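# Fold and geometry: a report
Spelled out, the chains give:
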Amino acid sequence: MIVKHFKTSGTCVNAAEINFDGLVGPTHNYSGLAVGNIAAAENALTGSNPKEAALQGLAKMKRLSDLGIRQGVLPPQSRPAVDMLRKVGFAGDELSVISQAAAAAPILLRACYSASSMWVANAATVSPGADTDDAKVHFTPANLPTQFHRSIEPPATSAILRKIFSEERYFEHHDPLPAGLYFADEGAANHMRLCPDHADTGLEIFVFGRSADRTAPRPLKFPARQSLEACEAISRLHKIKAGRKLFIQQSPAAIDAGAFHNDVLAVSNCNVLLYHEAAFDDGWEIEEKIAAACDYPIQFIRATESEISIAEAISTYLFNSQLISLPGGEMMVLAPIECESCDAARIFLERVVQDAANPITRIEYVNLRQSMKNGGGPACLRLRVVLAEAEFEAVTRMSRVILDQLLYNELKVWIEKNYRERISPPDLADPLLLRESRTALDELTAILSLGSIYDFQKG
């Protein structure tokens, strides 16, 4: 277990970073819904393996837990979103609604079956108490307005976060920003944090792709999903300490190349920033801006186009690896196995580990191919939350979402029992899939001690 300390009102407080991973939902399927996500488009309408996907994600969580890192679990959202189908004109009982949508609007039905909530890096932006004026942990669920299938997630995301992080003396929850592209917000996937240690006051870096300023550069091929105005609003809501925030623009060319979120080409941990030179609009000047904003040394690890092309970086999700602090202060990279089979990615990571000038000492590769085929790597599956010890204890009092051997065993049995081996597009019209999914989620809330968090559980 990694425990650091920060000072508040002169008192030293224990704190640790917890990775809260999203469980892959029972309706995991490949519908190719995400515009600008190359992997999702390439695998659209092929068969998926929900059971394998969920087990792969759970195995990643177990590996980090075994390394001594506190690991949390976030439940998936209930799908299909029948209430959304009713809002657009389909009527009758739930099975009738699904049948009508399958016949008249199959693309819409696929969107309402999406299991994209598994990528909880898009669930919210989180600021730890060390960074905020009121010393509370602040949460703002992402509004996700640029993609319909994700725009239906915020209410359930908010309910889940409010349930798990419920004690008002420690946690401050904000509503999602107003819907619309002006405040388009995609959560932690466009948010980085640099600090001496996780529990110390850090620099929160908000990365945006577009702004209301029509003269600002913007991509031409794919939509920019994060707005500057959303970043500024979240920094105000979270009461980030003066001088502890920085707004930088994602490269429009990178977005057009398929880097739809900042975390496709950049990842940070403590005082290390690992990124591709094409990630940011200002290029290498970003390092100067970041260094000037920090009163502690930052270690920049930059990959050049000659080392690994932007196309290779996106296809392997090298920079969507998790950069993790290990007990003892060293760091490791948890990378997709696609990086191991790509010469450029593997050689670059080996160079990083061999460089004694940085604290990264090891690489591990993880099999997340089911998620990767839909456009999400290791970092997409987790939401990073730094919690002081009292805050952590508050979470454990209200739920059972921190992974240990017993919970791992129960979740594995639950997945084996409830998930289908395979789902293809025609299966989404099967009324049994709705029943299977709800039965599974009803059991899951009991396992995680979350009570009735889904609408179908509330009648």
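Residues numbered from 1 in each chain as written. Predicted model: local features only at pLDDT ≥ 70, side-chain atom pairs only at ≥ 80, totals over all residues. Heavy atoms only, no water.

## Description of the overall build of the protein
This is how the line gets drawn: Strands here are runs of E lasting at least two residues and helices are runs of H or I lasting at least four, both read from the DSSP assignment and numbered beginning at the N terminus. The globule rule used here is 2.2 Å times the number of residues to the 0.38 power, and the radius of gyration it is set against is calculated over C-alpha atoms. Only protein chains enter the accessibility calculation, which uses a 1.4 Å probe; a residue is then buried when its area is under 20% of its type maximum, exposed when over 50%, and partly exposed in between. What makes two residues a contact is simply this: any of their non-hydrogen atoms within 4.5 Å. All accessibility values rest on the Shrake-Rupley procedure with a 1.4 Å probe; residue burial counts only the protein chains present in the view. We count Lys and Arg on the positive side and Asp and Glu on the negative side, and we leave His and both chain ends out. Where a charge lies is defined by one atom per residue type, namely NZ (Lys), CZ (Arg), CG (Asp) and CD (Glu).
Check the secondary structure of the protein and you find 17 helices and 16 strands. For a compact globule of 459 residues, the expected C-alpha radius of gyration is about 23 Å, and the protein comes in at 21 Å, within 12% of that figure. Taken over the C-alpha atoms alone, the protein extends approximately 60 × 45 × 40 Å along its principal axes. Out of the 459 residues in the protein, the part that is buried amounts to 61%. Once local pairs closer than 6 in sequence are excluded, the contacts in the protein between residues at least 24 apart make up 75%. Roughly 16800 Å² of accessible area belongs to the protein as shown, and the carbon and sulfur atoms make up 52% of that amount. Each charge class in the protein can be summarised by its mean position, and for the 45 positive and 56 negative side chains these summaries are 4 Å apart.

## Details of the environment of Ile69
Summarising the element assignment, Ile69 is placed in the loop between helix 2 (50-66) and strand 3 (71-74). Spatially, the C-alpha atom of Ile69 lies 10.0 Å from that of Leu403, the residues being 334 residues apart in sequence.

## Quick word on helix 8 (residues 228-237)
Burial of helix 8 is extensive: seven of the ten residues sit out of reach of the surface. Looking at the buried residues of helix 8, the elements they touch are strand 4 (124-127), strand 5 (137-141), strand 8 (203-208) and strand 9 (245-249). Lys239 lies just past helix 8 and shows a positive phi near 55°.

## Some thoughts on the sheet that holds strand 14 (residues 331-336)
Note the threshold: Between any two strands, at least two bridges found by DSSP are needed for them to pair. Convention adopted: a line fitted to C-alpha atoms gives each axis, helices being fitted over their contacting stretch, and angles between N-to-C directions are expressed from 0 to 180 degrees.
Strand order in the open sheet formed by three strands is 13-14-15, with mixed pairing between adjacent strands. The open sheet has two edge strands, strand 13 (322-325) and strand 15 (360-366), and neither has a second partner. Shown here is a sheet whose adjacent strand axes are inclined to one another by a mean of 25°, direction ignored. With four bridges joining them, strand 13 and strand 14 adopt antiparallel strand pairing. Bridge assignment links Ser325 to a residue of strand 14, and that residue is Met331. Contacts between helix 13 (residues 343-354) and the sheet are confined to strand 14 and strand 15, with strand 15 contributing the most and set at about 150° to the helix.

## Points about the pattern of salt bridges
Applicable threshold: Within this document, salt bridges are pairs made up of a side-chain nitrogen of Lys or Arg and a carboxyl oxygen of Asp or Glu, the two lying within 4 Å of each other.
Scanning all chains against the criterion turns up 28 salt bridges. A salt bridge links Asp131 to Arg193; the shortest N-O distance between them is 2.6 Å. Pair noted here: Asp131 is in the loop between strand 4 and strand 5 and Arg193 is in strand 7 (residues 191-194), with a separation of 62 residues, a long-range link. A relative accessible area of 0% means that Asp131 is categorised as buried. A relative accessible area of 13% places Arg193 in the buried class. Salt-bridge contacts for Glu172 lead to Lys136; the nearest nitrogen and oxygen are separated by 3.4 Å.

## Focus: the layout of surface pockets
Selection rule: Lining residues are defined by having an atom within 4 Å of a point belonging to a cavity or pocket. Those points lie on a 1 Å grid over the protein atoms alone, cavities being sets where a 1.4 Å probe fits but cannot get out and pockets being open sets with protein on both sides within 12 Å along at least five of seven lines. Grid points are joined across faces, edges and corners, and a volume is the space filled by probe spheres set on the points. Under the scheme applied here, ten amino acids are nonpolar (Ala, Val, Leu, Ile, Met, Phe, Trp, Tyr, Cys and Pro), four are charged (Asp, Glu, Lys and Arg), and all others, including Gly, are polar.
The space that makes up the largest pocket amounts to roughly 600 Å³. In this structure, the largest pocket is lined by 28 residues; those nearest its centre are Arg79, Asp83, Ile152, Ala156 and Asp455. Of all the secondary structure elements, the ones that give two or more residues to the lining of the largest pocket are helix 3 (82-87) and helix 7 (154-164). Its residues assigned to classes, the lining of the largest pocket shows 16 nonpolar, four polar and eight charged. Considering only enclosed or pocket space, the second largest pocket measures out at about 260 Å³ in volume. What lines the second largest pocket is a set of 17 residues, among which Ala39, Glu42, Ile314, Ser315 and Met372 lie closest to the centre. At the level of elements, helix 1 (38-42), helix 11 (310-316) and helix 14 (369-372) are the ones that each hand at least two residues to the lining of the second largest pocket. Classifying every residue of the lining of the second largest pocket by side-chain character gives eight nonpolar, five polar and four charged.

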